[in-house]
Amino acid sequence: MKILIVEDQNEKSKDIERFSRDCFSNISLITVKQSLRSGLKEIVVNNDYDLVFLDMSMPNFDPSPDDPLGGTPESFAGQEFLAQMKLRGINTAVIIITQYQTFEEGQIDLNSIDNYLTNEYRDFYLGAVYYSSADKEWEGSLLNIIESKVKR
C-alpha cells in the first residue's frame, strides 16, 4: 500500500503517519508533501497511490528560506486538490483530515463541506475527519471511514 499525506504541519503529519503504520500492515511507501502544489505534483506524476490523507487548509507552496510559510494559507486548498484530481481523471481514495470545524469565519461548517465534497467527488472522496492534537478522537473517526470504505 502506498499512502500520500498532504499536510503542512509537521506534528499532524507525523501523527497521521504513525496512525497509518498502526492501521495498515502492508505499507510499502508513505510520502509527505507540505503544500497544495507539491501534493498535486506528486499525485499527478506518481498516480499509483492507494490512499491520500489531505489537509483542507494549507499554503500553495512549500516553505522556503525566502518564504518560510509557503505563502498565505488557502482555506479550501483541499477542495482545489480534489478538483484537480477530478479534472485529470485521478481516482485515488482521499480522506480529508483538518484542524478546523468551521471555515470562512464560521460561515461554513465541516459537515457542510463534507456533504458538498461527497456529492462533487463521489468517485474518490471518502470523508472528512476533525483532527485535534489534544485528544485521539480523530483516530476513531478516521478508522471508521477506513473500515467502511478502504480495502486493506
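An account of the accompanying structure is given in this report. Please read these numbers as outputs of a predicted model, since none were measured by experiment.

Counting its secondary structure elements, the protein chain contains five helices and seven strands. Secondary structure elements of the protein chain, listed N to C terminal, follow the sequence β-α-β-α-β-α-β-β-β-α-β-α. In terms of C-alpha radius of gyration, the protein chain reaches 14 Å, essentially the compact-globule figure of 15 Å for 152 residues. Residues classed as buried in the protein chain amount to 46% of the 152 residues present. Counted over contacts in the protein chain with a minimum sequence separation of 6, partners at least 24 positions apart contribute 69%. Carbon and sulfur atoms provide 43% of the accessible area of the protein chain, an area that totals close to 8100 Å². Here the protein chain holds 15 positive side-chain charges and 25 negative ones, and the gap between their average locations is 7 Å.

Glancing now at the packing of helix α1 (residues 10-23) against helix α5 (residues 137-149). As a packed pair, α1 and α5 sit with axes 12 Å apart at the nearest point and diverge in direction by 50 degrees. Here α1 lies oblique to α5, going by the angle between them. Crossing hand, α1 versus α5: right-handed. Residues D15, I16, R18, F19 and C23 of α1 pack against W138, E139, L142, L143 and I146 of α5. Looking at side-chain class alone, the contact of α1 with α5 contains seven nonpolar, no polar and three charged residues.

Bringing the packing of aromatic side chains into the picture now. Using the criterion set out here, one finds three aromatic pairs in the structure. Ring centres of F19 and W138 lie 5.8 Å apart, and the angle between their planes is 50 degrees; this geometry places the pair in the tilted category. One end of the pair, F19, is in helix α1; the other, W138, is in helix α5, with 119 residues separating them in the sequence. The exposure classification of F19 matches that of W138, with both residues buried. Ring centres of Y121 and F124 lie 5.9 Å apart, and the angle between their planes is 45 degrees; on these two criteria the pair is classed as tilted. Note on accessibility: Y121 and F124 belong to one class, buried. Among the aromatic residues, ring-to-ring pairing joins F19, Y131 and W138 into one connected group. Stacked on the ring of Y49, the Lys or Arg K2 has its end atom at 5.2 Å from the ring centre.

About the thresholds
Residues numbered from 1 in each chain as written. Predicted model: local features only at pLDDT ≥ 70, side-chain atom pairs only at ≥ 80, totals over all residues. Heavy atoms only, no water. Helix = DSSP H or I, 4+ residues; strand = E, 2+ residues; numbered from the N terminus. Rg over C-alpha atoms; globule rule 2.2 N^0.38 Å. Buried < 20%, exposed > 50% of the residue type's maximum accessible area, 1.4 Å probe, protein only. Contact = heavy atoms within 4.5 Å. Areas by Shrake-Rupley, 256 points an atom, 1.4 Å probe, with all protein chains shown as cover. Lys, Arg positive; Asp, Glu negative; His and termini not counted. Charge placed at Lys NZ, Arg CZ, Asp CG, Glu CD. Axes fitted to C-alpha atoms, helices over the stretch in contact; angles between N-to-C directions. Parallel < 35°, antiparallel > 145°, perpendicular 65-115°, else oblique. Left-handed = near helix turned anticlockwise from the far one by under 90°. Nonpolar A, V, L, I, M, F, W, Y, C, P; charged D, E, K, R; others polar. Phe/Tyr/Trp six-rings, centres within 6.5 Å; stacked < 30°, edge-to-face > 60°. Lys NZ or Arg CZ within 6 Å of the ring centre and 35° of its normal.

Coordinates in, geometry out; function isn't part of it.
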